[in-house]
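So the chains spell out like this:
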Amino acid sequence: MSSQASHHPIDQTRRAGRALDAANFFLADVRDGLGPFLAVYLLTEQHWDEARIGLVMSIATIAGIVAQTPAGALIDATRAKRLAMVIAAIMVTLASLSLPLFPSFLPVAVSQGIAQAAAVIFPPAIAAVSLGIFGHAAFTRRIGRNETFNHAGNAVAAGLSGLSAYWFGPTVVFYLLAAMAVASLVSILAIPARAIDHDLARGLRDADTGDQPEQPSGLAVLLTCRPLLVFAVCVVLFHLSNAAMLPLVGQKLALQDKNMGTSLMSACIVAAQIVMVPFAMLVGAKADRWGHKRFFLAALLILPIRGALYTLSDNPFWLVGVQLLDGVGAGIFGAIFPVIVADLMRNTGRFNVAQGAVITAQSIGAALSTTLAGLVVVGAGYSAAFITLGAVAAIGAIVCLLALPETRRGTLQAQGKTAAPASVIAAE
């Protein structure tokens, strides 16, 4: 009896890990809603111009900005993290499925705004559940595994979308989204509720040292932690550069061959997602040893190269090939982002609201990106837009190199010193 009891927490953690694997795989398609397929659908099926597409995507993103930080605060406060994800998945799916029924500007803007606002729950919730189950020591490796399954899910969903769209048309992506949503709900509910340490999940307790402040830090820590502010600026510049690149590529492909637009977009996504898998695994395996800042800097430096290469040819095979670089940058960024925030917010109890705040900054960059790119395309063409976006990322890389400190705790521990408390990092 005692033997079974002693093995119970281990078995529970293993079940939680497998359920998290499945949830990340199936939520990959759900958490982004229609994603880049929205631009292709509106361009080819509804005959919208690039500026109008950019505007509606920016409006939807603004709705996500409004919801992001409150979503992080909710995940910090609630013990019903699984229920929050279930409700969000249902809302994203219903909002996206309404698009073919109400394809005019206002309903599309409203439905995509709802989808974006609901989807902001997923990143902090998944990271919080991961931290609450596995702790800081295993967090980097677990996040790498989360991102690996997320990218694998995206690749499978995009591949299925491309093949199905070739035979049945672009609207097939709506049916695929619904199927993935059902599977994601089952996976989320399979995570054992008792496996989640909710104090640890918000960064209030350090499982490695046993430290646990009596109360969470004040929200002012979000404004007084200088490295967090620098990181937020870099994240804004990353997404101001990155967010519009894939939709622009999709539009170029669709204009060359309307019938193949969605399928070619799927090829771009599959190519990138396949590359993201090993890079997410690399972050999980090596970031604690090589340094967290180095990986983030590498993600920023990929974007100027990618933007310049897009201008060299309109050949579909070339564009899909260049899209492989998106897999390098996004694969690294997705895996290292929650790790750096967890580094900075350790022992504060504000891990998820900090994620929400930084993702709010990220969303501002993404919203401006699609609007900026649409305007530059209309005024100066696609090549000028790609160069502009690449230059933004180059600025972000300079800021990261000069102003962001290394956040990895292992640097100090390897020298036989005690890791700096969160209050010390917040004062840097």
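Check the entry above for the structure.
What comes next concerns the included structure. (Residues numbered from 1 in each chain as written. Predicted model: local features only at pLDDT ≥ 70, side-chain atom pairs only at ≥ 80, totals over all residues. Heavy atoms only, no water.)

## Digging into the packing of aromatic side chains
Put simply, the test is: Two rings from Phe, Tyr or Trp (for Trp, the six-membered ring) form a pair when their centres are within 6.5 Å of each other. A pair whose planes differ by under 30 degrees is stacked, one over 60 is edge-to-face, and the rest are tilted.
Enumeration over the complete set of coordinates arrives at nine aromatic pairs. Through pairs of rings, three or more aromatic residues link up here, namely Phe231, Phe238, Phe296, Phe333 and Phe337.

## Here we look at unusual backbone geometry
The cut-off we apply is this: Under the DSSP-based scheme used, a helix requires at least four consecutive residues in state H or I and a strand at least two consecutive residues in state E, with every element numbered from the N terminus. Any residue under 20% of the maximum accessible area for its type is buried, any over 50% is exposed, and the rest in between are partly exposed; the area is computed with a 1.4 Å probe on protein chains only.
A positive phi is found at Asn347, a non-glycine position, where the angle reads about 70 degrees. By the element assignment, Asn347 lies in the loop between helix 16 (324-345) and helix 17 (351-380). In this structure Asn347 comes out as buried when scored by relative accessible area, which is 19%.

## A few points about helix 16
Side chains of residues three or four places apart in an α-helix project in the same direction, reflecting 3.6 residues per turn. Defined as follows: Each residue after the first adds 1.5 Å to the expected span of a helix. Two axes enter the definition of the bend at a residue: one is fitted to the seven residues ending there, the other to the seven starting there, and the bend is the angle between them.
The end-to-end C-alpha distance of helix 16 is 33 Å, a good match for the 32 Å that 22 residues give at a rise of 1.5 Å each. In the structure, helix 16 departs most strongly from a straight axis at Ile336, where the bend amounts to approximately 30 degrees and where the proline Pro338 lies between one and four residues downstream. Looking one or two places after helix 16, you find Asn347, whose phi comes out positive at around 70 degrees.

## Quick notes on a nonpolar patch on the surface
We apply this condition: For patches, a residue must show more than 30% relative accessible area and have no salt bridge; joins then use 9 Å for like charges and 5 Å for nonpolar side chains, namely Val, Leu, Ile, Met, Phe, Trp and Tyr. Residue exposure ignores everything except the shown protein chains as possible cover, and the areas themselves are Shrake-Rupley values with a 1.4 Å probe. Salt bridges, as used here, are contacts in which a Lys or Arg side-chain nitrogen is within 4 Å of a carboxyl oxygen on Asp or Glu.
On the surface, Leu83, Ile87, Met91, Leu106, Val110 and Ile114 cluster together into a nonpolar patch covering about 550 Å² of accessible area. If you trace the backbone, Ile114 turns up in helix 5 (residues 105-119). Assessed through its relative accessible area of 39%, Ile114 is described here as partly exposed.

## As for the pattern of salt bridges
Counted according to the given criterion, the structure contains three salt bridges. Asp21 is the partner of Arg142 in a salt bridge, and the nearest nitrogen-oxygen pair spans 2.6 Å. Of the two residues, Arg142 is situated in helix 7 (residues 139-168) and Asp21 in helix 1 (residues 2-31); the sequence distance between them amounts to 121 residues. A salt bridge links Arg145 to Asp21; the shortest N-O distance between them is 2.8 Å. Of the two residues, Arg145 sits in helix 7 while Asp21 sits in helix 1, which places them 124 residues apart along the sequence.

## What about the environment of Arg82?
Applied cut-off: Throughout, a residue-residue contact means that at least one pair of heavy atoms, one from each residue, lies within 4.5 Å.
Among the structural elements, Arg82 can be located in helix 4 (residues 81-97). Arg82 sits in the partly exposed class, given a relative accessible area of 23%. Separated by 43 residues in the primary sequence, Arg82 and Ala125 have C-alpha atoms spaced 8.0 Å apart. Leave out the neighbours within four places in its chain, and Arg82 touches Ile188, Leu189, Ile191 and Ala193.

## Things to note about empty space enclosed by the protein
In plain terms, the rule: The rule is simple: put a 1 Å grid over the protein atoms alone, call a set of points where a 1.4 Å probe fits but cannot get out a cavity, call an open set with protein on both sides within 12 Å along at least five of seven lines a pocket, and count a residue as lining if it has an atom within 4 Å of a point. Grid points are joined across faces, edges and corners, and a volume is the space filled by probe spheres set on the points. Note on residue categories: nonpolar means Ala, Val, Leu, Ile, Met, Phe, Trp, Tyr, Cys or Pro, charged means Asp, Glu, Lys or Arg, and polar means any other residue, Gly included.
What the rule picks out here adds up to three cavities of 30 Å³ or more. Taken as a whole, the second largest cavity spans an internal volume of roughly 70 Å³. In terms of lining, the second largest cavity is formed by Glu50, Ile53, Gly54, Met57, Ala244, Pro247, Leu248, Gln251, Thr370, Ala373 and Gly374. Put simply, the parts of the chain that give the lining of the second largest cavity at least two residues each are helix 3 (50-77), helix 12 (245-256) and helix 17. Ranked by residue count, the leading element in the lining of the second largest cavity is helix 3, at four residues. Among the residues forming the lining of the second largest cavity, the class breakdown is six nonpolar, four polar and one charged.

## Brief notes about the nonpolar core
Heads up, the rule is: To form a nonpolar core, buried Ala, Val, Leu, Ile, Met, Phe, Trp, Tyr and Cys residues must be joined to one another through side-chain atoms within 4.5 Å.
By size, the foremost hydrophobic cluster in this structure holds 70 residues, and its most contacted members are Phe231, Phe296 and Met345. Sorting elements by how many residues they give to this core places helix 16 first, with 12 residues.

## Comments concerning the packing of helix 14 (residues 292-310) against helix 18 (residues 382-403)
Heads up, the condition is: Axis geometry follows a simple rule: fit a line to the C-alpha atoms, using only the stretch in contact for helices, then measure angles between N-to-C directions, giving values from 0 to 180 degrees. Oblique is the label for any angle not under 35 degrees, not over 145, and not in the 65 to 115 range, which are roughly parallel, roughly antiparallel and roughly perpendicular in turn. Throughout, a crossing is termed right-handed when the near helix is turned clockwise from the far one, and left-handed when it is turned anticlockwise from it by less than a right angle.
Between helix 14 and helix 18, whose axes approach to 8 Å, the crossing angle comes to 160 degrees. The orientation of helix 14 relative to helix 18 falls into the category roughly antiparallel. For the element pair helix 14 and helix 18, the recorded crossing hand is left-handed. Contact residues: helix 14 offers Lys293, Phe296, Leu297, Leu300, Leu301, Leu303, Pro304, Gly307, Ala308 and Tyr310, while helix 18 offers Phe386, Ile387, Gly390, Ala393, Ala394, Gly396, Ala397, Cys400 and Leu401. Of the residues contributing to the contact of helix 14 with helix 18, the split by class is 15 nonpolar, three polar and one charged.

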